[in-house]
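# Architecture and fold: a report
Each chain is listed here by its residues.
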Amino acid sequence: MAEPILQVNSVTKCFGGLTAVNNVSFEVQQGEIIGLLGPNGAGKTTLFNVISGFYAPTSGTIIFNGKDISGKPPYTLADRGIGRTFQVVKPFAGLTVLENIIIASFLRYPKRKEAERHAWKILENTGLADRADVSAASLTLAGRKRLEIGKALALEPTFLLLDEVVAGLNPTEADKTVELILELKKQGMTILIVEHIMRVIMNISDRLVVLNFGEKIAEGTAAEVARNPLVIEAYLGEAAA
Amino acid sequence: MKDKSIRWGLPILLILIALPAVVQDTFFLRVITEAIMWIGLALAFDVLAGYTGYLNFGHGAFFGLGAYTTAILMMQAHWPFALALPMGGVLAGVGALVAGLPTLRLKGAYFAIATWALSRAVQQLALIMDITGGPDGMRLPSFLNPQFFYYLMLAIVAVTFALLWFLLECSPFGLKLKAIREDDQGAMALGLNPTKLKMQAFILSAVPTGILGGVYAYWITFIDPASTLGDLVSDQALVMVVFGGMGTLVGPVIGALLIFAFKTLFWAYLSDFQLLYLIILGAVIALSVVFIPNGLWGTLRGLRSHKKSEEKKDESLAAKLPQNEGE
Ligand SMILES: Nc1ncnc2c1ncn2[C@@H]1O[C@H](COP(=O)(O)OP(=O)(O)O)[C@@H](O)[C@H]1O
Ligand SMILES: [Mg+2]
């Protein structure tokens, strides 16, 4: 097998006394879609923040394209090819949707005109073109989640981290976003995606990694993971609580 | 959306260039010179306040740094004004670099308080040092040529305006600053380095402010810690920018003109009630924050674009109607 695009090696992240991510390891191959599962508070978002450079790991390393990127700042990692969305969306609320995407486009297209041209392409691809001139603050939740994806894609990433981009959308909107993700997969994008909606995650992921209380409790295909007693317990435990 | 108001720039500049030929009265020329200076100070303040989202209550310290640098170089080192003045700008820029390292990590009120405290420290330094003349201040050689100072002030502010227009409204830099203002974490994920951009904005704000301080020193011929390093420069620039419209370049110009006109009239007729002036200044800022949070210019522009989008809606509706009939 070729060298993996991402290697997470025994990563631990503590907040004071709380271990949010505990000794987690897995690999992502070029072109794969990996679903990251786990109950609320399992440490999925924290792991995203470590991979994308928002937190340095307390211990362990992150290898991206063969290079150790642990502790590198997010803007450096964006340049290296890591694009991410935020579960709690972060639109530039006072700016228009177009301006939001233009700002993201500056990374690959430093000139204003070219950035704007590129931004329009992204707007078309993400179905936001008709909202281009409205302020990002006036978008619906579905629009804002779309904008998150649009901004990440404007970076022309080679590796995409999607944190609950479907959650909270109505079925029609959700289908549209799933379609977009499948289109990206077709184009060969490597994706690590957090999503609670099973129908979605089972559909699009090649493999799953399951976290519970910060630890990796299972890894494998959807069928393998669904049979895993630890996974069943984690989810039933949550349902019972 | 690009602001088209720049097309007023050239005619206004031409009128201002011709003005001294018409206005012979030196008092009036002085007033206009000072008005132009305040436009420059408000513009520079807005780089950080409006575009980047950081209220710098130490803005006045850059003004004073420029004033004192120019004065000291002229009086102690016997430099010509033409060389001393740019050094005022350079030193203000270096000051921004030094002050920015610790303070630009802070957010919101903490940044405002830290910059205010630093500017108080600078004022204390000027009060105790020999080279600055302590509380007695410094006297500069008088160069009695109102036209010279008018044109110098005009040139510096016009160049500052043009430079800021280019950097903040036309080139990517302005949008990048706004991204940081809106959400610095989100901006980082898009490849922007907030620390670097904020520092650049801080220096961009400080350098013209320092140069204006240098011109002021030579023009007024007397500076002391109370008048040049007090709170007034920061406070007044803040009111001008908030009242005129933060995060725009036209807003600070309008705000500076109105507030300065008010100040001049107040001083002329009610100079016994200086405290009242500060109270009114405070009221203006409180009222504009509550009632016109986007300032005069932001509010006007909002109304205009609202009207335009209404018109557009009507048009698109009109365009659709015949089609609907055909269906
Ligand atoms: N910045 C932080 N400071 C302190 N605790 C945090 C922080 N971020 C997350 N946590 C804690 O870490 C744990 C994992 O959170 P998170 O990664 O958001 O979970 P998930 O995304 O899987 O729902 C939770 O207990 C959460 O409260
Ligand atoms: Mg989460």
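Residues numbered from 1 in each chain as written. Chains lettered and ligands numbered in written order. Predicted model: local features only at pLDDT ≥ 70, side-chain atom pairs only at ≥ 80, totals over all residues. Heavy atoms only, no water.

### With respect to the interface of chain A and chain B
With 21 residues of chain A in contact, the opposing surface of chain B contributes 20 residues. Summing both partners gives a buried area of about 1900 Å² for chain A against chain B, and 72% of it is carried by carbon and sulfur. Linking chain A to chain B there are four residue pairs in polar contact (both at pLDDT 80 or more). Examining the composition of the side of chain A that touches chain B, we find that four residues originate from one element, helix α3 (residues 97-105) of chain A, more than from any other. (Contact = heavy atoms within 4.5 Å. Buried area = accessible area lost by both parts, 1.4 Å probe. Polar contact = N/O pair within 3.5 Å; in protein donor to acceptor, adjacent residues only side chain to side chain. Helix = DSSP H or I, 4+ residues; strand = E, 2+ residues; numbered from the N terminus.)

### Considerations on the coordination of the magnesium ion (ligand 2)
Coordination of the magnesium ion (ligand 2) by the protein is provided by T45 of chain A (OG1) and Q87 of chain A (OE1), with metal-donor distances spanning 2.0 to 2.1 Å. Within this pair, whereas T45 of chain A is found in helix α1 (residues 44-51), its partner Q87 of chain A is found in the loop between β6 (82-84) and α3, the two being separated by 42 residues in sequence. (Donors = N, O, S within 2.8 Å, 3.2 Å for Na, K, Ca; no water.)

### Some details on the site of ligand 1
Residue and element names in this part refer to chain A. Around ligand 1, the neighbouring residues are F15, L18, A20, P39, N40, G41, A42, G43, K44, T45, T46 and Y55. Contacts to ligand 1 include A42, whose backbone N or O atom sits 3.2 Å from an oxygen atom. Contacts to ligand 1 include T45, whose side-chain N or O atom sits 2.7 Å from an oxygen atom. Protein chains shield 62% of the accessible area of ligand 1, which is 560 Å² for the free molecule. (Near = heavy atom within 4 Å. Areas by Shrake-Rupley, 256 points an atom, 1.4 Å probe, with all protein chains shown as cover.)

### Concerning the pairing of strand β7 (residues 159-163) of chain A
All names here are of chain A. The buried fraction of β7 amounts to five of the five residues, a majority that puts the element mostly inside the structure. Burial of the side chains of β7 extends over both faces: F159, L161 and D163 are buried on one face and L160 and L162 on the other. When β6 meets β7, the two strands line up parallel, connected through three bridges. Residue pairing across strands places I82 opposite F159, the latter belonging to β7. Strand direction decides the pairing type here: β7 and strand β8 (residues 190-194), joined by five bridges, are parallel. By the bridge assignment for β8, L160 is matched with I191. For the crossover from β7 across helix α6 (residues 171-186) to β8, the handedness is right-handed. (Buried < 20%, exposed > 50% of the residue type's maximum accessible area, 1.4 Å probe, protein only. Pairing = 2+ DSSP bridges. Right-handed = clockwise from strand over helix to strand, strands pointing away.)

### Regarding the packing of aromatic side chains
What the rule picks out here adds up to 21 aromatic pairs over all chains. On the numbers, 5.3 Å between centres and 80° between planes, the contact of Y150 of chain B with Y151 of chain B is edge-to-face. What makes Y150 of chain B buried here is its relative accessible area of 0%. Taken together through their ring pairs, the aromatic side chains of F81, F143, F148, F149 and Y218 of chain B make up a single cluster. Across the ring face of F86 of chain A, the terminal group of K90 of chain A is positioned such that the distance to the ring centre comes to 5.2 Å. Its end group placed over the ring of F92 of chain A, K151 of chain A keeps NZ or CZ at 3.9 Å from the ring centre. (Phe/Tyr/Trp six-rings, centres within 6.5 Å; stacked < 30°, edge-to-face > 60°. Lys NZ or Arg CZ within 6 Å of the ring centre and 35° of its normal.)

### Side note on the pattern of salt bridges
All names here are of chain B. The tally for this structure, following the rule as stated, stands at ten salt bridges over all chains. In this structure, the salt-bridge partner of R120 is D231, at a minimum N-O distance of 2.4 Å. With R120 in helix α5 (residues 108-128) and D231 in the loop between α10 (225-228) and α11 (232-244), this residue pair connects regions lying 111 residues apart in the sequence. We classify D231 as partly exposed; its relative accessible area is 28%. The salt bridge involving E182 is made with R181; its shortest N-O contact spans 3.0 Å. What makes E182 partly exposed here is its relative accessible area of 26%. (Salt bridge = Lys/Arg side-chain N within 4 Å of Asp/Glu carboxyl O.)

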